[in-house]
Amino acid sequence: MSGPTVTKDDILKASAGMLQKQLYVVFTTPTNGLGPVMENIEEHLKFQVDLEQRGIMLGAGPFWADDEHTWNGEGMVIIRADSLEHARQIAETDPMHSSGARSFTVRPWLLNEGRITVEVNFSTGRHAVS
């Protein structure tokens, strides 16, 4: 790719007034098939819920295969951390990673645009997130 070097400061300046929330995305991939992944899935999900309850995780979930039906064991977790190194430390403690069932990559991600809608109907107790 050719062209000018674009820095974080350039992006922050261009997106001034937007959310500019620094987050970290953990991309996770099986290392040796789905057997080890499924052996660790229960502890992994408990770990994820703990991250959520402590306010560390924004969201997480699996990537479906292109048929939108099959799962090959890949997933993504979006976390709040103080730095890239801190995000890596959090990811390393995931039982899926510490067991060796999956490997991971962490990327810094700046959340600027988007929308979430939460609807609560008090009379019926129904709720929706979109």
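Details of the structure are given in the entry above.
Computed from a predicted structure; not experimentally measured. (Residues numbered from 1 in each chain as written. Predicted model: local features only at pLDDT ≥ 70, side-chain atom pairs only at ≥ 80, totals over all residues. Heavy atoms only, no water.)

A.B. asks: Would you mind showing me how to read the side chain of Gln48 here?
C.D. replies: As for its position among the elements, Gln48 is in helix H2 (residues 34-53). According to the relative accessible area criterion, Gln48 is buried, its value standing at 8%. Filtering out sequence-adjacent residues up to four positions away, Gln48 remains in contact with Met57, Ala60, Val77 and Asp94. (Helix = DSSP H or I, 4+ residues; strand = E, 2+ residues; numbered from the N terminus. Buried < 20%, exposed > 50% of the residue type's maximum accessible area, 1.4 Å probe, protein only. Contact = heavy atoms within 4.5 Å.)

A.B. asks: It is not clear to me how the sheet that holds strand E4 (residues 102-111) should be interpreted in this structure. Could you clarify?
C.D. replies: Across a sheet, paired strands are connected by hydrogen bonds in the backbone, their directions being either parallel or antiparallel. With antiparallel pairing, the four strands of this open sheet are ordered in space as E2-E3-E1-E4. Looking at which strands have only one partner, the edges of the open sheet turn out to be strand E2 (57-64) and E4. With direction set aside, neighbouring strand axes in the sheet form an average angle of 20 degrees. As defined by bridge partners, strand E1 (residues 21-30) adjoins strand E3 (residues 71-79) across five bridges and the pair is classed as antiparallel. The partner of Phe27 across the bridge, within E3, is Met76. Lying over the sheet, H2 contacts E1, E2, E3 and E4, oriented at roughly 20 degrees with respect to E3. (Pairing = 2+ DSSP bridges. Axes fitted to C-alpha atoms, helices over the stretch in contact; angles between N-to-C directions.)

A.B. asks: Got a minute to help me understand the environment of Ile90 in this structure?
C.D. replies: Tracing the backbone through its elements, the reader meets Ile90 in helix H3 (residues 84-92). Taking relative accessible area as the criterion, Ile90 reaches 11% and is therefore assigned buried. Sequence separation of Ile90 and Arg80 is ten residues, and the distance between their C-alpha atoms is 9.8 Å. Apart from residues lying up to four places away in sequence, Ile90 is in contact with Phe47, Leu51, Ile56, Ile79, Arg80 and Ala81.

A.B. asks: Can you help me understand the pairing of E3 in this one?
C.D. replies: Two faces, one strand: in a regular strand the side chains alternate between the faces of the sheet. Examined bridge by bridge, E2 and E3 share six bridges and lie antiparallel to one another. Bridging across to E3, Met57 finds its partner in Ile79. Counted between consecutive antiparallel strands, the loop separating E2 from E3 contains six residues, among which Glu68 sits at a positive phi close to 60 degrees.

A.B. asks: Is there a simple way to think about the pattern of salt bridges in this case?
C.D. replies: Two side chains bearing opposite charge may form a pair once their charged atoms approach each other closely. By the definition in use, this model includes three salt bridges. Of the charged contacts in the structure, one is a salt bridge between Glu43 and Lys46, with a shortest N-O distance of 3.4 Å. Placement of the pair is Glu43 and Lys46 together in helix H2, with a separation of three residues, close to one helical turn. In this structure, Arg54 engages Asp50 in a salt bridge whose closest nitrogen and oxygen atoms are separated by 3.0 Å. Given a relative accessible area of 32%, Asp50 falls into the partly exposed group. What emerges from the salt-bridge pattern is a single network uniting Glu42, Glu43 and Lys46. (Salt bridge = Lys/Arg side-chain N within 4 Å of Asp/Glu carboxyl O.)

None of the figures reported here should be taken as evidence of function without further support.
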